[in-house]
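Chain by chain, the residues run as shown.
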Amino acid sequence: MKIHEKYITRCIQIAKNGLGTTAPNPMVGAVIVYKNRIIGEGFTCPFGGPHAEVKAIESVRNKRQLSQATLYVTLEPCSHFGKTPPCTNLIVAHNIPRVVIGTMDTHSKVAGTGIKMLQEAGCQVTLGVMETACQLHHKRFFTFHNLKRPYVILKWAETADGYIAPSSRDAQKPVWITNPLSRQIVHKWRTEEQAILVGTQTVLADNPVLTARTWAGKNPTRVVLDLNQKIPNHYAVFNQESHTLKLTKKDINPEKPLAQQIVSILHAHHIQSVIIEGGTKTLQTFINENLWDEARVFTGSTTFKTGTKAPIFKSTPTKEKEIGILNDRLCYYKNPL
């Protein structure tokens, strides 16, 4: 089993190259091994392009070796036609005799049918190697299909004395709590997720662009919670740099939990992951409804003394790190659900 774990670990490693580009497809990694040597690798291309298994098979120089090779993959190969043909068909066509799979695909269009097709074609299938690690890697995909909502990431920055915004923003708009490196990390995160959500007051106070300006990659869909339509149309969130989804009173039932309605709407728009960037009222809504998967909280060295307090959040960080020479602290949290 150890040798299988070695190659599945490599699959997860290369699969991360697809982060932020493959949705709604999962970011799969695949490795082909012949006589204990990797002869091919691949990861899922941006949506509409070849899947990981296809790229791995294409990368093998001597295709005759495939009939004696083992294919390792993080997720069960697809068995249906979508933007591309089924990966199972290609595996069978190349007579690959063994396939080692990290975890089953719970999507209704697959859900074991890929494994069954491979077995019926005479392929030896090993399932569940590093299953927990593979499920964690595919957390966005599984959350979307199993829970019928996007993977929710809470993010905010607070001062050393616990404020998320000052009493007045006249001197600087937006007001920076963290250092430039921390802000660049946030822009990197934006390229990795499908959407970013803010509330009305954040937009009115800061007029943010909500794009990944300091990091190369795809801008997220901007989701603006503007129930009473107070945000002017000329504000930056409505420019042409990215698509914006505005949620108003016509989208929301005031007698039902707000966060649950928001994630249901995002699911209907096929959004698999979202960063909730605040402010405090919006973040607190998701915290109070316990509708979050992870949180990333920066604490800067500055103080405001007065202003808008950070969300009330009682959780123990799973990881902490210092960012930059000004010593911002970044804490990561996981929701145990």
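Whatever comes next refers back to the structure up there.
On a predicted model such as this, the values are computed, not experimentally measured, just so you know. (Residues numbered from 1 in each chain as written. Predicted model: local features only at pLDDT ≥ 70, side-chain atom pairs only at ≥ 80, totals over all residues. Heavy atoms only, no water.)

Visitor: How would you sum up helix α10 (residues 280-288)? Please name residues and give values.
Guide: The complete set of buried residues in α10 reads Thr-280, Thr-282, Leu-283, Gln-284, Phe-286 and Ile-287. Check the buried side of α10 and you find it contacts β6 (151-158), β7 (163-165), β8 (195-199), α9 (258-268), β11 (273-278) and β13 (308-309). In the stretch just after α10, Asn-290 is the one whose phi turns positive, near 50 degrees. (Buried < 20%, exposed > 50% of the residue type's maximum accessible area, 1.4 Å probe, protein only. Helix = DSSP H or I, 4+ residues; strand = E, 2+ residues; numbered from the N terminus. Contact = heavy atoms within 4.5 Å.)

Visitor: Any details on the pairing of strand β15 (residues 328-334)? Residues and values, ideally.
Guide: Burial analysis of β15 places 5 of its 7 residues in the buried class, which makes it a mostly covered element. Two strands pair when backbone bridges link them, and strand β12 (residues 294-299) and β15 are joined in this way by 6 bridges, in the antiparallel orientation. Paired with Val-297 across the two strands is Cys-331, which belongs to β15. (Pairing = 2+ DSSP bridges.)

Visitor: Before we move on, can you summarise the pattern of salt bridges with the specific residues and values?
Guide: All told, the structure shown has 12 salt bridges when counted by the stated rule. Salt-bridge contacts for Lys-139 lead to Glu-294; the nearest nitrogen and oxygen are separated by 3.0 Å. Separated by 155 residues along the polypeptide, Lys-139 in helix α6 (residues 139-147) and Glu-294 in strand β12 bring together distant segments of the chain. Assigned by exposure class, Lys-139 and Glu-294 land together as buried. Here Glu-294 ties to Lys-334 by a salt bridge, and the two come within 3.5 Å at their closest N and O atoms. Placement of the pair is Glu-294 in strand β12 and Lys-334 in strand β15, with a sequence separation of 40 residues. Judged by its relative accessible area of 4%, Glu-294 is buried. (Salt bridge = Lys/Arg side-chain N within 4 Å of Asp/Glu carboxyl O.)

Visitor: I'd love a proper account of the sheet that holds strand β1 (residues 29-34), names of residues and values included.
Guide: Sheet strands associate in pairs through backbone hydrogen bonding, adopting either a parallel or an antiparallel arrangement. In spatial order, the strands read β2-β1-β3-β4-β5; together these 5 strands make up an open sheet with mixed pairing. Pairing within the sheet leaves two strands with one partner each, and these edge strands are β2 (37-43) and β5 (124-127). Neighbour-to-neighbour, the strand axes of the sheet open up by a mean angle of 15 degrees, direction not taken into account. Relative to β2, β1 runs antiparallel, the two sharing 6 bridges. Looking at the pairing, Tyr-34 lines up with Arg-37 of β2. (Axes fitted to C-alpha atoms, helices over the stretch in contact; angles between N-to-C directions.)

Visitor: Tell me what's going on with the side chain of Thr-70, and back it up with residues and numbers.
Guide: Among the structural elements, Thr-70 can be located in strand β3 (residues 70-75). Look past the residues within four positions of Thr-70 in its chain and what remains in contact with it is Val-31, Ile-32, Val-33, Arg-98 and Val-100.

Visitor: Run through α9, naming residues and quoting values.
Guide: Count 3.6 residues to each turn of an α-helix, and residues three or four apart come out pointing the same way. If you check which residues of α9 are buried, you get Ala-259, Gln-261, Ile-262, Val-263, Ile-265 and Leu-266. Those residues of α9 that are buried lie in contact with β6, β8, β9 (221-225), β10 (244-247), β11 and α10. A positive backbone phi angle near 65 degrees is found at His-270, which sits one or two residues after α9.

Visitor: Give me the lowdown on the packing of aromatic side chains, citing residues and values where you can.
Guide: Two numbers describe a pair of aromatic rings. These are the distance of the centres and the angle of the planes. Scanning all chains against the criterion turns up 7 aromatic pairs. Centre to centre, the rings of Tyr-7 and Tyr-72 are 5.0 Å apart; their planes meet at 45 degrees, and the pair counts as tilted. Of this pair, Tyr-7 sits in helix α1 (residues 2-15) while Tyr-72 sits in strand β3, and the two are 65 residues apart along the sequence. A single burial state applies to Tyr-7 and to Tyr-72, both of which are buried. The rings of Trp-156, Trp-292, Phe-313 and Tyr-333 are connected pair by pair, giving a single aromatic cluster. Seen from the ring of Tyr-163, Lys-309 lies directly overhead, with NZ or CZ sitting 4.5 Å from the centre. For the cation-ring pair, Lys-319 lies above Tyr-332, with the distance from its terminal atom to the ring centre recorded as 4.5 Å. (Phe/Tyr/Trp six-rings, centres within 6.5 Å; stacked < 30°, edge-to-face > 60°. Lys NZ or Arg CZ within 6 Å of the ring centre and 35° of its normal.)

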